[in-house]
Amino acid sequence: MFFDPLCPWAWMTSRWLMEVAEVRNLDITWSVMSLSALNEGRDGLSESYRGMLDSGWGPVRVVIAAARDHGDKVKKQLYDAMGARLHPGGRGDTPDDLRQVIVEALEDVGLPPELIDCAANVPGDEIDIELRASHQRAMDLVGDEVGTPVVSVGDVAFFGPVVTPAPKGEAAGQLWDGCLLVAGTPGFYEIKRTRVKGPDFS
């Protein structure tokens, strides 16, 4: 699964996949994509969304730097620690609070606090190059007309699912089965309806 910690829908999908892993033979690899990179240079974005994207480099850069220095296992640990604060916790609405969320997540996971210094967006530095490469892997799987999350299994990849609340138990497994069925159908591209509810983190 490719995630951006800021995306509430990626958070919903991640909780669903954790349920799926309990009822299906599933070993999840956690990878980073970036809404900030995805929307870079796009016109017509609202001022508030643009502000979120400007701050959004921080969490993904810190996850990339932490994994570089401490191994891939910390990606999921940091994601859980950040996401719990950002989504059910309702935090991160300001750049200062988002920075504090990252600091607290690093402390939770037992990582060096100086990793927060990697949050500053430095185009072209080592972290930026690695982040963009990880993001591009997701885009190569599904194309650039999607958002986060991206799920890839075998030869099948898809955006989403966008679902709320996250199904639990066997219902989670059945949704997984259905996603693999439709996404694995040759020539299948899209199924969608108007979303009328926000994410339910219960």
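Residues numbered from 1 in each chain as written. Predicted model: local features only at pLDDT ≥ 70, side-chain atom pairs only at ≥ 80, totals over all residues. Heavy atoms only, no water.

Trainee: What exactly am I supposed to notice about the side chain of Thr148 here?
Mentor: Residue placement: Thr148 occurs in the loop between α7 (126-142) and β3 (150-153). Taking the relative accessible area as the measure of exposure, Thr148 reaches 4% and is therefore buried. A distance of 3.4 Å separates a polar side-chain atom of Thr148 from the backbone nitrogen of Asp4. Leaving out residues up to four positions away in the same chain, Thr148 has contacts with Phe2, Phe3, Asp4, Cys7, Ala10, Met33, Leu35 and Phe159. (Helix = DSSP H or I, 4+ residues; strand = E, 2+ residues; numbered from the N terminus. Buried < 20%, exposed > 50% of the residue type's maximum accessible area, 1.4 Å probe, protein only. Polar contact = N/O pair within 3.5 Å; in protein donor to acceptor, adjacent residues only side chain to side chain. Contact = heavy atoms within 4.5 Å.)

Trainee: Explanation requested: the packing of helix α4 (residues 57-70) against helix α6 (residues 95-109) in the structure shown.
Mentor: Relative placement of two packed helices is described by the angle separating their axes and the distance separating the axes. For the pair α4 and α6, the least separation of the axes is 10 Å and the interaxial angle reads 20°. Accordingly, the angle class assigned to the pair α4 and α6 is roughly parallel. The interaxial crossing formed by α4 with α6 has right-handed handedness. Along the contact surface, α4 presents Gly58, Pro59 and Val62, while α6 presents Leu98, Ile102 and Leu106. Looking at side-chain class alone, the contact of α4 with α6 contains five nonpolar, one polar and no charged residues. (Axes fitted to C-alpha atoms, helices over the stretch in contact; angles between N-to-C directions. Parallel < 35°, antiparallel > 145°, perpendicular 65-115°, else oblique. Left-handed = near helix turned anticlockwise from the far one by under 90°. Nonpolar A, V, L, I, M, F, W, Y, C, P; charged D, E, K, R; others polar.)

Trainee: What am I meant to see in the nonpolar core here?
Mentor: Side chains of nonpolar character tend, in soluble globular proteins, to be buried together. Of all hydrophobic cores here, the largest spans 58 residues; its most connected members are Met1, Phe3, Trp16, Leu78, Met82 and Leu106. The leading source of residues in this core is α4, at eight residues. Every residue in contact with Leu106, bar those within four places of it in the chain, is listed here: Val62, Leu78, Leu111, Pro112, Pro113, Leu115 and Ile116. (Core = buried A, V, L, I, M, F, W, Y, C linked by side-chain atoms within 4.5 Å.)

Trainee: Would you mind showing me how to read the pairing of strand β4 (residues 156-159) here?
Mentor: Both faces of the sheet carry side chains from a regular strand, because those side chains alternate between them. The side-chain alternation of β4 yields one buried face, formed by Val156 and Phe158, and one unburied face, formed by Ala157 and Phe159. Two elements, β3 and β4, share four bridges in a ladder whose sense is antiparallel. Opposite Ser152, over in β4, you have Ala157 as the bridge partner. What sits between β3 and β4 in their antiparallel hairpin is a turn of two residues, with Gly154 showing a positive phi close to 60°. (Pairing = 2+ DSSP bridges.)

Trainee: How do you make sense of α4 when you look at a structure like this?
Mentor: Three or four residues apart is the spacing at which side chains of an α-helix point the same way, because the helix has 3.6 residues per turn. The first and last C-alpha atoms of α4 sit 20 Å apart over 14 residues, in line with the 20 Å expected at 1.5 Å per residue. Every buried residue of α4 is listed here: Trp57, Gly58, Pro59, Val60, Arg61, Val62, Val63, Ile64, Ala65, Ala66 and Ala67. The first or second residue beyond α4 is Gly71, which carries a positive phi of 100°. (Expected span 1.5 Å × (residues − 1).)

Trainee: I keep staring at α6 and nothing clicks. Help me out?
Mentor: Counted at 1.5 Å a residue, the expected span for α6 with its 15 residues is 21 Å, and the 21 Å between its end C-alpha atoms agrees. In this fold, the buried residues of α6 make contact with α3 (47-55), α4 and α5 (73-86). Two residues or fewer after α6 comes Gly110, characterised by a positive phi angle close to 80°.

Trainee: Where do I start with the environment of Met1 in this structure?
Mentor: Position of Met1 among the secondary structure elements: in the segment before β1 (2-3). In sequence terms Met1 and Val151 are 150 residues apart; their C-alpha atoms lie 4.6 Å from each other. Leave out the neighbours within four places in its chain, and Met1 touches Ala10, Thr13, Ser14, Leu17, Thr29, Trp30, Ser31, Tyr79, Pro149, Val150 and Val151.

Trainee: What exactly am I supposed to notice about the side chain of His87 here?
Mentor: By the secondary structure assignment, His87 is in the loop between α5 and α6. Looking at His87, the relative accessible area reads 8%, which means it is buried. Beyond its immediate sequence surroundings of up to four residues, His87 is in contact with Pro5, Leu6, Cys7, Pro8, Trp11 and Phe201.

Just distances and angles here, no functional claims.
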